[in-house]
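These are the residues of each chain, in order.
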Number of protein chains: 2
Amino acid sequence: MSTYIKVPEDIEKRSFEIIEEELGEKVKSFSDKELPIVKRVIHTTADFEYADLIEFQNGAIESGMEALEKGCKIYCDTNMIVNGLSKVALGKFNSMAYCLVSDEEVIKEAKSRGVTRSIVGMEKAGKDRDTKIFLIGNAPTALYQLKEMIEKNEIEKPALVVGVPVGFVGASESKDEFKSLGIPYITINGRKGGSTVAVAILHGILYQMYKREGF
Amino acid sequence: MSTYIKVPEDIEKRSFEIIEEELGEKVKSFSDKELPIVKRVIHTTADFEYADLIEFQNGAIESGMEALEKGCKIYCDTNMIVNGLSKVALGKFNSMAYCLVSDEEVIKEAKSRGVTRSIVGMEKAGKDRDTKIFLIGNAPTALYQLKEMIEKNEIEKPALVVGVPVGFVGASESKDEFKSLGIPYITINGRKGGSTVAVAILHGILYQMYKREGF
């Protein structure tokens, strides 16, 4: 039998110690509420560049916490995000996550219009007034669609948008352009991001609330 | 209405062109079967470092293709991987993916033994003789457990192991140590990896088969 660490709590604790050590002076550039999120993103990607790429705007963390405390729906642009989020943690705050890109109707409509399923899914999610938080880890088209709906006042202003689509076509631009809206927003500048990053950001918020509530 | 690209096929095509351009001379260091996998991993992470970190051993791609052609079960160490894999593509080859870390019995047993659910899940998956492929994107303990079972001849030799756990405690070591077994193996050297990377690697294999079969 090998002697590697097998106790889950010890693995996570030691990981965060290593991340904090290697971040060094950079930890000082984040607030008390931002730092746990930054560390969780690095924990998920093993990529310290995220400390330079992450950006928090317009009281994003506080606004997201407030919505979660009241209980809300969270729209995700991939089923992987829904799947990766802790149902237990969300349940404690009467919140739930969902995704519509595999919805039968959405698939049919996207095909007939020749647009991404992400666009059609976002249109439908925007109409649901209980949806206060949006997690976008994959599709720039979903983030553009959300931006258009907000600009046209077609939907209420979200409490929090985590806009971290990954990729080479439109991802960086979509994330930049969203900043002009003045919405509580967490993003990863440039091309990087993804479903696991979106999950890490929301968990970074949720677990702070978790601790505070003494769950 | 913005003028961003909205047609999904165009986005993917253009993305792969950009990746190929930016890889430059490096494309020559990969075989015809390896290159689509490397490009898909970069497409998923927007991180070109993966071209330097990825390693293919012991005819991994060919062996994985052979198992998929016959139809097999694929054990994944996270539900996110199961969720991210294309059910349509797997179905074409009579294959299916599963994960046991959220299994009631596994959770109970892991708690009582004080070990990770990944270890217990892997023990159970190893006993299933239809499971020929293992995708490990999260837990070094799952990769260590698989190694031990292979060394002790407790399980048949897998057709393919994609060992890409991400992290700071044990991840890099677990991936290195697995190399000594001589198993068809695809890995990401160092700390990087993750569930989305595991999905990208298997899709990189599956989509080549898909094209070849003319689906």
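Residues numbered from 1 in each chain as written. Chains lettered and ligands numbered in written order. Predicted model: local features only at pLDDT ≥ 70, side-chain atom pairs only at ≥ 80, totals over all residues. Heavy atoms only, no water.

Observations regarding the sheet that holds strand S5 (residues 160–163) of chain A
Residues and elements named next belong to chain A.
Next, step 1: Strand order in the open sheet formed by six strands is S1-S6-S5-S4-S2-S3, and the pairing between neighbours is mixed. One side of each edge strand has no neighbouring strand; the edge strands of this open sheet are strand S1 (54–57) and strand S3 (96–98). Across the sheet, the mean angle from the axis of one strand to that of its neighbour is 15°, orientation sign disregarded.
Next, step 2: Where strand S4 (residues 131–136) meets S5, four bridges bridge the pair, whose relative direction is parallel. Residue pairing in the sheet places Ile 133 in a bridge with Leu 160 of S5.
Next, step 3: Each of strand S2 (73–76), S4, S5 and strand S6 (185–188) is contacted by helix H11 (residues 195–213), which is oriented at about 145° to S5, the strand it contacts most. (Pairing = 2+ DSSP bridges. Helix = DSSP H or I, 4+ residues; strand = E, 2+ residues; numbered from the N terminus. Axes fitted to C-alpha atoms, helices over the stretch in contact; angles between N-to-C directions. Contact = heavy atoms within 4.5 Å.)

What about the confidence of the model for chain A?
Next, step 1: Scored by pLDDT, chain A comes out at a mean of 94, with 96% of its residues at no less than 70.
Next, step 2: With a pTM of 0.94, the predicted complex shows an ipTM of 0.92. (pLDDT = per-residue confidence, 0-100.)

Topic: the side chain of Ser 95 of chain B
All names here are of chain B.
Next, step 1: Along the polypeptide, Ser 95 turns up in the loop between helix H6 (87–92) and strand S3 (96–98).
Next, step 2: Classification of Ser 95 by relative accessible area gives buried; the value is 7%.
Next, step 3: A polar contact is formed between the side chain of Ser 95 and the backbone nitrogen of Cys 72, at a distance of 3.1 Å. (Buried < 20%, exposed > 50% of the residue type's maximum accessible area, 1.4 Å probe, protein only. Polar contact = N/O pair within 3.5 Å; in protein donor to acceptor, adjacent residues only side chain to side chain.)

So, the side chain of Lys 39 of chain A
All names here are of chain A.
Next, step 1: In this structure, Lys 39 sits in helix H2 (residues 35–45).
Next, step 2: Look at Lys 39 and you get buried, because its relative accessible area is 13%.
Next, step 3: Dropping the residues within four chain positions of it, Lys 39 is found in contact with Phe 16, Ile 19, Glu 20 and Leu 23.

Overview of the sheet that holds strand S2 (residues 73–76) of chain B
Residues and elements named next belong to chain B.
Next, step 1: Pairing in this open sheet of six strands is mixed, and the strands run S1-S6-S5-S4-S2-S3 from one edge to the other. Taken across any chain shown, the strands that pair with only one partner, and hence form the sheet edges, are strand S1 (54–57) and S3. The average angle at which neighbouring strand axes cross in this sheet is 15°, direction not considered.
Next, step 2: Pairing geometry for S1 and strand S6 (residues 185–188), over four bridges, is antiparallel. Across the sheet, Phe 56 pairs through a bridge with Ile 186, a residue of S6.
Next, step 3: Seen against the sheet, helix H9 (residues 140–151) touches strand S4 (131–136), strand S5 (160–163) and S6 and runs at an angle of roughly 150° to S4.

Digging into the interface of chain A and chain B
Next, step 1: Listed by partner, the interface residues are 42 residues for chain A and 42 residues for chain B.
Next, step 2: At the boundary of chain A with chain B, the tally comes to four salt bridges.
Next, step 3: In this structure, the salt-bridge partner of Arg 191 of chain B is Glu 22 of chain A, at a minimum N-O distance of 2.6 Å.
Next, step 4: Counting the contacts that link chain A with chain B gives four residue pairs in polar contact (both at pLDDT 80 or more).
Next, step 5: For the side of chain A that touches chain B, the element with the most residues is helix H1 (residues 8–23) of chain A, which contributes seven residues.
Next, step 6: Looking at side-chain class alone, the side of chain A that touches chain B contains 20 nonpolar, 15 polar and seven charged residues. (Salt bridge = Lys/Arg side-chain N within 4 Å of Asp/Glu carboxyl O. Nonpolar A, V, L, I, M, F, W, Y, C, P; charged D, E, K, R; others polar.)

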